[in-house]
Amino acid sequence: MTKRMRAWIFNVHISLIGALFLASAAPIASTQSLAPHKRTTVPFKLEAGEYPGPIVEVMIAGKRFSFLLDSGACITGVSPELAKKLGLTPLSKVTGHGAGAKDFQAAYAKIVSLHVGDVVSKDVTVAIAEMPQGAGYDGIVGMSVLRHHCFTIDFRKQVLSFD
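As the structure is a computational prediction, the values presented were derived from the model and not from experiment.

## Brief notes about the confidence of the model for the protein chain
Mean pLDDT over the protein chain works out to 78, with 75% of the residues at or above the 70 mark. Residue range residues 1-30 is modelled with pLDDT below 50. Its contacts to residues more than four positions away, or to other chains, number 16 contacts.

## Description of the pairing of strand β10 (residues 151-154)
Of the strand pairs in this sheet, β10 and strand β11 (residues 159-162) are connected by 4 bridges, and their pairing is antiparallel. The residue of β11 that forms the bridge with Asp154 is Val159. Counting the residues between successive antiparallel strands, the hairpin from β10 to β11 contains 4 residues, one of them, Gln158, with a positive phi of roughly 55 degrees.

## Some details on the environment of Asp70
Along the chain, Asp70 turns up in the loop between β4 (63-69) and β5 (76-78). Put simply, Asp70 and Val141 are 71 residues apart on the chain and 5.9 Å apart in space, counted from C-alpha to C-alpha. When neighbours within four sequence positions are excluded, Asp70 is seen to be in contact with Ile140, Val141, Gly142 and Met143.

## Brief notes about the pattern of salt bridges
Summed over the entire model, instances satisfying the criterion amount to 4 salt bridges. A salt bridge links Arg64 to Glu57; the nearest nitrogen and oxygen atoms lie 2.8 Å apart. Since its relative accessible area comes to 56%, Arg64 is described here as exposed. As a salt-bridge pair, Lys110 and Asp123 come within 3.8 Å of each other at their nearest N and O atoms. A residue pair is termed long-range when its members are at least 10 positions apart, and Lys110 in strand β7 (residues 103-116) and Asp123 in strand β8 (residues 119-128) qualify at 13 residues. Look at Asp123 and you get partly exposed, because its relative accessible area is 32%.

## Some details on the nonpolar core
Counting 25 residues, the largest nonpolar core has Val58, Phe67 and Val78 as the members making the most contacts within it. Sorting the residues of this core by element identifies β2 (40-47), β3 (53-60), β4, α2 (80-86), β7, β8, α3 (143-146) and β11 as the ones contributing at least two each. Not counting residues up to four positions away in its chain, the partners in contact with Val58 are Lys63, Arg64, Phe65, Phe67, Leu114, His115, Val116 and Val141.

## Let's talk about the packing of aromatic side chains
Overall, the coordinates contain 1 aromatic pair when judged by the stated rule. For the ring pair Phe44 and Phe155, a centre distance of 5.9 Å and an interplane angle of 70 degrees mean the geometry is edge-to-face. Here the residue Phe44 occupies a position in strand β2, and Phe155 occupies one in the loop between β10 and β11, the gap between them amounting to 111 residues. Since its relative accessible area comes to 44%, Phe155 is described here as partly exposed.

Cut-offs and rules
- Residues numbered from 1 in each chain as written.
- Predicted model: local features only at pLDDT ≥ 70, side-chain atom pairs only at ≥ 80, totals over all residues.
- Heavy atoms only, no water.
- pLDDT = per-residue confidence, 0-100.
- Contact = heavy atoms within 4.5 Å.
- Pairing = 2+ DSSP bridges.
- Helix = DSSP H or I, 4+ residues; strand = E, 2+ residues; numbered from the N terminus.
- Salt bridge = Lys/Arg side-chain N within 4 Å of Asp/Glu carboxyl O.
- Buried < 20%, exposed > 50% of the residue type's maximum accessible area, 1.4 Å probe, protein only.
- Core = buried A, V, L, I, M, F, W, Y, C linked by side-chain atoms within 4.5 Å.
- Phe/Tyr/Trp six-rings, centres within 6.5 Å; stacked < 30°, edge-to-face > 60°.

Written out as C-alpha cells, the structure reads:
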C-alpha cells in the first residue's frame, strides 16, 4: 500500500468518525424504529429543477406528506407550516448549519410516530426549520430515522428499500 493510499484511508476514517460524533451530538437518541420483518420497498419521485432530490411519501398522524430523502441530514426536519398543522410544541431552539447553506434557526420538537412505507419510527425528534421556498416538500427524512435501518436508495428504479 502506498503512502498516498494510507493517507487517503486515514482521512476517510477521520471524516467518518467526525460525522458519527456530530450525528451523535444531536438530541436524537430517543428515536425508536420498528423495523419490518421483510424487505420493504417505498417508491419515490426524483425531482429535478432548483431543489432536486428523491421525494418520498411519509405518514404522520394519519396524514400523508411529501418529504425529501436526505441521507446527509443528521436529523429529520419539518417545515413550520407542517409543525403548526400537526400541533407540535417546540422544545428548544438551536442554530442549524446546512451543507453550503447559511446558518438557520430551528427548534426541536417530538413526533409520536413517522411512517415511511411499513417502517415506523416512534418518538422522533425533529427540527422545525424553513424549507426552501418553492421546494415542493413538507420536510426532510434524515439520518435520525434512516440510521436505524439497512437501506438502499435505487435512483434507477426510484425506490427506497429497507432490509
